[in-house]
Structure formats: C-alpha cells, structure tokens
Amino acid sequence: MKVLKIDHLGIAVKSITKGKKFWGDVLGLWLEDSEAMAEEKVITTFFPIGESEIELLETTDPDGPIGKYLEKRGEGIHHIALRVENIEEALKELKEKGVRLVDEKPRKGAGGAKIAFLHPKATNGVLVELCER
Ligand code: ZN
C-alpha cells in the first residue's frame, strides 16, 4: 500500500458555527461548504491548510458516533486521515497483516471520498481513517 500524506485531522465539535469562530475568523482559514452525512449522523466542514485540511464534525444525533464521542470525551481530535493511493488494496493488505479494521470495505465519505476506519486498538489508540480521493 502507498500512504501519500495526512489528508486531514478530524475534530469533534459541539457546534460548527462556534468552531468556525476560531478556525475561520481567528485563523483566517477559508471554509469549504458544510456537508451532512445522514448515515454517520454528522455534519462536516473542511478548512484546507496547505496540503492538508482540518475537518470539523458536529453531530446531528446524540446517539450517533460523534454524539457518543462528545459525551464521553468532549471536544477534541477524533481521527487522523491518511490518504492512500488505492483504498481497496490498502484494506486488503492491512487485513492480511492482521490489523483490526472497523470497516472491511470502503464507504462514501465527505466530498465523494472513499473512506474506511482502522480500529484504535491496532493504531496506538488513534482512530485512523484511510481515504482515497
Ligand atoms: Zn475524516
């Protein structure tokens, strides 16, 4: 598998509107349009920074994955996303190497990306997202 770069860092926030005040207004970062991901019960928005991006994740449902995360840990870094050349190949290789996966198959992420999560138990406690764009 080929890991190309850190695609983005995902930050769980209580409110994207409030989150925008720091990342947008204070840092002056340009904000992409927000996108609702119904299946994940989340609204995401991206701030491009050089070769990477900051992703803010706001839950639409307290029982969704981000809702539960906020309840347990509060706001903060939720995941690190690595861009890979071919996500199907990467997942196959990781599975062969015995890496525990959250998603065996890629699913649709924000911005039309293909994404899949690896289990934090396999990655030193960090939720890692693979993404292919
Ligand atoms: Zn992400």
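Scroll up for the structure.
Residues numbered from 1 in each chain as written. Predicted model: local features only at pLDDT ≥ 70, side-chain atom pairs only at ≥ 80, totals over all residues. Heavy atoms only, no water.

A.B. asks: Quick one: what's the story with the coordination of the zinc ion, residue by residue and with numbers?
C.D. replies: Protein coordination at the zinc ion: the donors are H8 (NE2), E55 (OE), H79 (NE2) and E129 (OE), at 2.1 to 2.2 Å from the metal. Taken together, the four donor atoms coordinating the zinc ion span angles of 82 to 166 degrees at the metal, a pattern that classifies the geometry as irregular. Linear spacing of the donor residues for the zinc ion on their chain is H-x46-E-x23-H-x49-E. Residue H8 is found in strand 1 (residues 3-13), and its partner H79 is found in strand 5 (residues 76-84); the two are separated by 71 residues along the sequence. Using a relative accessible area of 1% as the deciding quantity, one classes H8 as buried. (Donors = N, O, S within 2.8 Å, 3.2 Å for Na, K, Ca; no water. Tetrahedral: all angles 85-135°; square planar, octahedral: opposite > 155°, others 65-115°. Helix = DSSP H or I, 4+ residues; strand = E, 2+ residues; numbered from the N terminus. Buried < 20%, exposed > 50% of the residue type's maximum accessible area, 1.4 Å probe, protein only.)

A.B. asks: With reference to specific residues and values, describe the packing of aromatic side chains.
C.D. replies: Geometry of an aromatic ring pair is reported as the spacing of the ring centres plus the angle between the planes. Tallied over the entire structure, the rule returns one aromatic pair. With a centroid separation of 5.1 Å and 85 degrees between ring planes, the pair formed by F22 and W23 is classed as edge-to-face. For F22, a relative accessible area of 40% gives the class partly exposed. The ring of F46 carries R133 above its face, with NZ or CZ at 5.7 Å from the centroid. (Phe/Tyr/Trp six-rings, centres within 6.5 Å; stacked < 30°, edge-to-face > 60°. Lys NZ or Arg CZ within 6 Å of the ring centre and 35° of its normal.)

A.B. asks: Got a sec to walk through the pattern of salt bridges? Specific residues and values, please.
C.D. replies: Per the stated rule, a full pass over the model turns up nine salt bridges. Notably, a salt bridge pairs R107 with E40, separated by 2.3 Å at the nearest N-O pair. Note that R107 is positioned in strand 6 (residues 107-108) and E40 in the loop between strand 2 (35-37) and strand 3 (42-49), a separation of 67 residues in sequence. For E40, a relative accessible area of 16% gives the class buried. Across the pair K114 and E88 runs a salt bridge whose closest N-O atoms are separated by 3.2 Å. (Salt bridge = Lys/Arg side-chain N within 4 Å of Asp/Glu carboxyl O.)

A.B. asks: With reference to specific residues and values, describe the sheet that holds strand 7 (residues 114-118).
C.D. replies: With mixed pairing, the eight strands of this open sheet are ordered in space as 2-3-4-1-5-8-7-6. In the strand order of this sheet, the two ends are held by strand 2 and strand 6, each with one partner. Contacts between helix 1 (residues 16-26) and the sheet are confined to strand 1, strand 3 and strand 4 (52-59), with strand 4 contributing the most and set at about 155 degrees to the helix. Sheet strands in contact with helix 2 (residues 65-73) are strand 1, strand 3, strand 4 and strand 5, and its direction is about 85 degrees off that of strand 4. (Pairing = 2+ DSSP bridges. Contact = heavy atoms within 4.5 Å. Axes fitted to C-alpha atoms, helices over the stretch in contact; angles between N-to-C directions.)

A.B. asks: I'd like a rundown of the nonpolar core, residues and numbers included.
C.D. replies: Residues V84, I87, A90, L91, L94, L101, A116, L118, V128 and L130 constitute the largest nonpolar core, which totals 10 residues. Counting residues per element, the ones that place at least two in this core are helix 3 (87-96), strand 7 and strand 8 (128-132). Top contributing element to this core by residue count: helix 3, with four residues. Counting nine residues, the second-largest nonpolar core is a separate cluster that includes M37, V42, F46 and L70. (Core = buried A, V, L, I, M, F, W, Y, C linked by side-chain atoms within 4.5 Å.)

From the geometry alone we can't say anything about function, so treat these as descriptive.
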